[in-house]
Amino acid sequence: MTILRKRENFRKAFADFDFEQVALFGKRDVERLLHDAGIVRHRGKIEAAINNAARAVELVEEEGSLAAYVWRFEPDPDSRPARLTWDVLLEMAQTAESRALAKDLKRRGWRFVGPTTVYAFMQAMGVVNGHLDGCDIRKPAERARATFTPPS
């Protein structure tokens, strides 16, 4: 919740989340961010965000897009639980696919990208539908995924 509450501050501090711009940040930007009370001021995480932005630029050059790369880690739909409840979701904070994606990102030089964080990213991208049964968004998300063709 802390991060979500500071989302707009992060957006402003990190060039509207444009990773190509963040990849160009230097030491002055790190110092500026360390003094920005609107964000979480942790040198290691700030430096990792800049590093990861640069690695994202490399990944796009190599793979064509972030989406094309991440969608390769989509879980087999048959491996997903038939019914997604809060208890089931808590047990799925990480999956074999998110562990594999995190491991590959780390191999590529990314930092602070553990399997739980990566699984949340996979949810945010729509690679996995993390909306609980009964959630108003679950069915629209399922319909959107049914008509979506992952990039190749």
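As the structure is a prediction and not an experimental result, all values here were calculated from the model.

What follows covers the environment of Asp16. By the element assignment, Asp16 lies in the loop between helix 2 (7-13) and helix 3 (19-22). Asp16 gets classed as exposed once you look at its relative accessible area, which sits at 53%. The sequence separation of Asp16 and Ala96 amounts to 80 residues, and the corresponding C-alpha distance is 31 Å.

Across all of its chains, the model carries 4 aromatic pairs by this definition. Judged by centre distance (6.3 Å) and plane angle (20°), the ring pair of Phe14 and Phe25 falls under stacked. With Phe14 in the loop between helix 2 and helix 3 and Phe25 in the loop between helix 3 and helix 4 (27-34), this residue pair connects regions lying 11 residues apart in the sequence. Across this residue pair, the class does not change: Phe14 and Phe25 are buried. Each ring, one from Trp71 and one from Phe148, has its centre 4.9 Å from the other, and the planes form 40°; the classification is tilted. On the criterion of sequence distance, the pair formed by Trp71 in the loop between helix 6 (66-70) and helix 7 (86-91) and Phe148 in the segment after helix 10 (138-147) is long-range, its members being 77 residues apart. Of the aromatic side chains, those joined through ring pairs into one cluster are Phe10, Phe14 and Phe25.

This part covers helix 4. Turning to helix 4, its buried residues are Val30, Leu33 and Leu34. Looking straight down helix 4, one finds that the buried residues subtend no more than 100° of arc, so they occupy a single side. Against the buried residues of helix 4 lie helix 2 and helix 5 (43-63).

Procedures and definitions
Residues numbered from 1 in each chain as written. Predicted model: local features only at pLDDT ≥ 70, side-chain atom pairs only at ≥ 80, totals over all residues. Heavy atoms only, no water. Helix = DSSP H or I, 4+ residues; strand = E, 2+ residues; numbered from the N terminus. Buried < 20%, exposed > 50% of the residue type's maximum accessible area, 1.4 Å probe, protein only. Phe/Tyr/Trp six-rings, centres within 6.5 Å; stacked < 30°, edge-to-face > 60°. Arc of directions from axis to C-beta. Contact = heavy atoms within 4.5 Å.

Any link to function would need more than the numbers given here.
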